[in-house]
Amino acid sequence: MARAPFQVIVFPFVESTDGEPLYAVFRRREMEMWQAVSGGGEGAETPLDAARRETREETGIDSSDGWVRLDAQASIPSSVFGSAGQWPLDLFVVPEYAFGVRVAEPAVTLSAEHRECAWLPFDEAHRRLTWDSNRVALWELNCRVRGLSPREAPDPAITRLAGT
């Protein structure tokens, strides 16, 4: 099946025993990096369809409920994808759509893509992530899950950059 020209990232999350959310982050097997579940659309899938499939394939989580579509969106150079040769020559960037999914239990079955999964509070998960787009999406998800406005929970990376 042809790879669609978009990417998705997904953060599974669960409420811990103290009521604070824990977020799943994944350590890649072939590279030293931490990230969300990630992958591309196939055929005529929508971004949500792709997010559900990628989450099921990479973690064993199969949920039709609890999905949160995030506003966070990034652009990735199309040239980094092996499928770029099948796409139009004038397709320079591929959009990345972000999601969260609430799960009942912090259990996953890792695919061959990952060597480790960690369920972490926001600050620790945010620090581990390799990609800026993942950090922005996690920050937004944390705000939404905790019912905070952006002013109540400034992004730690931006706060550090601004020196405040």
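In the block above lies the structure referred to throughout.
Residues numbered from 1 in each chain as written. Predicted model: local features only at pLDDT ≥ 70, side-chain atom pairs only at ≥ 80, totals over all residues. Heavy atoms only, no water.

Enquirer: Got a minute to help me understand the overall build of the chain in this structure?
Expert: Counting its secondary structure elements, the chain contains four helices and seven strands. Taken over the C-alpha trace, the chain has a radius of gyration of 16 Å; the compact-globule value for 164 residues is 15 Å, and the two agree within 12%. Dimensions along the principal axes, computed over C-alpha positions, put the chain at roughly 45 × 35 × 30 Å. When burial is assessed residue by residue, the chain has 48% of its 164 residues classed as buried. Across the chain, contacts joining residues at least 24 apart in sequence account for 70% of those joining residues at least 6 apart. Split by element, the accessible area of the chain, about 8800 Å² in all, is 52% carbon and sulfur. (Helix = DSSP H or I, 4+ residues; strand = E, 2+ residues; numbered from the N terminus. Rg over C-alpha atoms; globule rule 2.2 N^0.38 Å. Buried < 20%, exposed > 50% of the residue type's maximum accessible area, 1.4 Å probe, protein only. Contact = heavy atoms within 4.5 Å. Areas by Shrake-Rupley, 256 points an atom, 1.4 Å probe, with all protein chains shown as cover.)

Enquirer: What is the right way to look at the environment of Ala118 in this model?
Expert: In this fold, Ala118 is placed in strand 7 (residues 114–120). Residue Ala118 is classed as buried on the basis of its relative accessible area of 9%. For the pair formed by Ala118 and Arg27, sequence separation is 91 residues and the distance between their alpha carbons is 8.3 Å. Ala118 has contacts with Tyr23, Ala24, Val25, Trp34 and Arg128, leaving out every residue within four places of it along the chain.

Enquirer: Honestly, the packing of aromatic side chains in this entry has me stumped. Any pointers?
Expert: Ring pairs (aromatic) are described by centroid distance and by the angle formed between their planes. Taken as a whole and assessed by the stated rule, the structure comprises four aromatic pairs. Aromatic pair Phe6 and Tyr97: ring centres 6.0 Å apart, planes at 70°, arrangement edge-to-face. With a gap of 91 residues between them, Phe6 in strand 1 (residues 3–15) and Tyr97 in strand 6 (residues 93–102) connect regions that are remote in the sequence. A relative accessible area of 9% means that Phe6 is categorised as buried. Accessibility expressed as a relative area gives 18% for Tyr97, which makes it buried. Consider the rings of Phe13 and Tyr23, whose centres lie 6.2 Å apart with planes at 40°: the pair is tilted. Remark: Tyr23 occurs in strand 2 (residues 21–28) and Phe13 occurs in strand 1; sequence separation between them is 10 residues. For Phe13, a relative accessible area of 1% corresponds to the buried category. (Phe/Tyr/Trp six-rings, centres within 6.5 Å; stacked < 30°, edge-to-face > 60°.)

Enquirer: Looking at this model, I keep getting lost on the side chain of Ser78. Mind explaining?
Expert: Looking at the element boundaries, Ser78 is found in the loop between strand 5 (67–77) and strand 6. Of the residues examined, Ser78 reaches a relative accessible area of 8% and is grouped as buried. Every residue in contact with Ser78, bar those within four places of it in the chain, is listed here: Ala84, Trp87, Leu91, Phe92, Val93 and Val94.

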